[in-house]
Amino acid sequence: MKKIEAIIRKSKFNEVRCALHEADIDFLSWWDVKGQGSARQGLIFRGIAYDVNAIDRIFISFVVRNINVDKSIDAILRSAYTGESGDGRIFVSSIEQSIRIRTGDHGDESLYDKEEEDK
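The structure displayed is predicted, hence computed values, not measured ones. Counting from 1, residues in each chain are numbered in the order their sequence is written. Under the rules for a predicted model, residues below a pLDDT of 70 receive no local features and side-chain atom pairs below 80 are neither given nor counted, while totals for whole chains, interfaces and linings still include all residues. For the side-chain quantities, the full set of heavy atoms in the structure was used; hydrogens and water were omitted.

K.L.:
Would you explain the packing of aromatic side chains in this entry?
P.N.:
What describes a pair of aromatic rings is the distance from one ring centre to the other and the angle between the planes of the rings. Between the rings of Phe, Tyr and Trp (Trp by its six-membered ring), a pair exists once the centres lie within 6.5 Å; its type follows the angle of the planes, with under 30 degrees stacked, over 60 edge-to-face, and the other angles tilted. Scanning the model with the defined rule gives two aromatic pairs in all. Measuring from centroid to centroid gives 4.9 Å for Phe 13 and Trp 30, while their planes differ by 50°, and the two rings are tilted. Taken together, the positions of Phe 13 in helix α1 (residues 13-22) and Trp 30 in strand β2 (residues 29-35) put the pair 17 residues apart, joining distant regions of the chain. Pairing Trp 31 with Phe 59 gives two aromatic rings, centres 5.5 Å apart and planes at 55°, and the pair type is tilted. Helix and strand labels come from DSSP, where a helix needs a run of H or I of at least four residues and a strand needs a run of E of at least two; each type is numbered from the N terminus.

Shown next, in the form of structure tokens:
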């Protein structure tokens, strides 16, 4: 199992969410976050200097079975891409264990409903 985390532009969030849904990734969490990249700029308005380096972004996080890692990454890459600086980052890390609280399912079985797959 892998945990995929992505920081993307706010304007691309709905496209990314739809692309992940089409890739059969239906459970994910997201947060509004602010970040700062390598670009530095300031704004002076009526003699007052403002720091405009903090950029609004969306942080997405979800856990997938190993067989779904590549298609999840591809979905994010396709839908979040603008070609401009600041498109974001994707991080992939290993998950040692996963347990569904309601059923007690462990590992991969905790990430999907067996009943739906049997249909």
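K.L.:
Hey, could you run me through the environment of Gly 35 in this one?
P.N.:
Mapped onto the elements, Gly 35 comes out in strand β2. Exposure is judged per residue with a 1.4 Å probe applied to protein chains only, and the accessible area is read against the type maximum: over 50% gives exposed, under 20% gives buried, and values in between give partly exposed. Note on Gly 35: relative accessible area 28%, which makes it partly exposed. Along the sequence, Gly 35 and Arg 57 sit 22 residues apart, while their C-alpha atoms lie 6.9 Å from each other.

K.L.:
Sorry if this is basic, but what is going on with the packing of α1 against helix α2 (residues 69-80) here?
P.N.:
When two helices pack together, you describe them by how their axes are tilted relative to each other and by the distance separating the axes. The interhelical angle for the contact between α1 and α2, taken along N-to-C directions, is 150°, at an axis separation of 8 Å. With respect to each other, α1 and α2 are oriented roughly antiparallel. In this structure, α1 meets α2 at a crossing whose hand is right-handed. Counted together, Glu 15, Val 16, Ala 19 and Leu 20 of α1 and Ser 72, Ala 75, Ile 76, Ser 79 and Ala 80 of α2 form the full contact between these two elements. Taken together, the residues of the contact of α1 with α2 break down into six nonpolar, two polar and one charged. The convention used is that axes are lines fitted to C-alpha atoms, helices contributing only their stretch in contact, and that angles between N-to-C directions extend from 0 to 180 degrees. Each angle is binned into one of four classes, with values under 35 degrees roughly parallel, values over 145 roughly antiparallel, values of 65 to 115 roughly perpendicular, and all other values oblique. Definitions for this section: a left-handed crossing has its near helix turned counterclockwise from the far helix by less than a right angle. A right-handed crossing has that turn clockwise. Two residues qualify as a contact provided that any one of their heavy atoms is within 4.5 Å of a heavy atom in the partner residue. Under the scheme applied here, ten amino acids are nonpolar (Ala, Val, Leu, Ile, Met, Phe, Trp, Tyr, Cys and Pro), four are charged (Asp, Glu, Lys and Arg), and all others, including Gly, are polar.

K.L.:
Would you take a moment to explain the environment of Trp 31 for this structure?
P.N.:
Relative to the helices and strands, Trp 31 is located in strand β2. Residues in contact with Trp 31, not counting those within four places in the same chain, are Arg 57, Ile 58, Phe 59 and Ser 61.

K.L.:
Just to check I follow, could you spell out the side chain of Lys 12 for this structure?
P.N.:
Topologically, Lys 12 is positioned in the loop between β1 (2-9) and α1. Among the residues examined, Lys 12 registers a relative accessible area of 13% and is labelled buried. Setting aside its immediate chain neighbours within four residues, Lys 12 contacts Ser 79, Ala 80, Tyr 81 and Thr 82.

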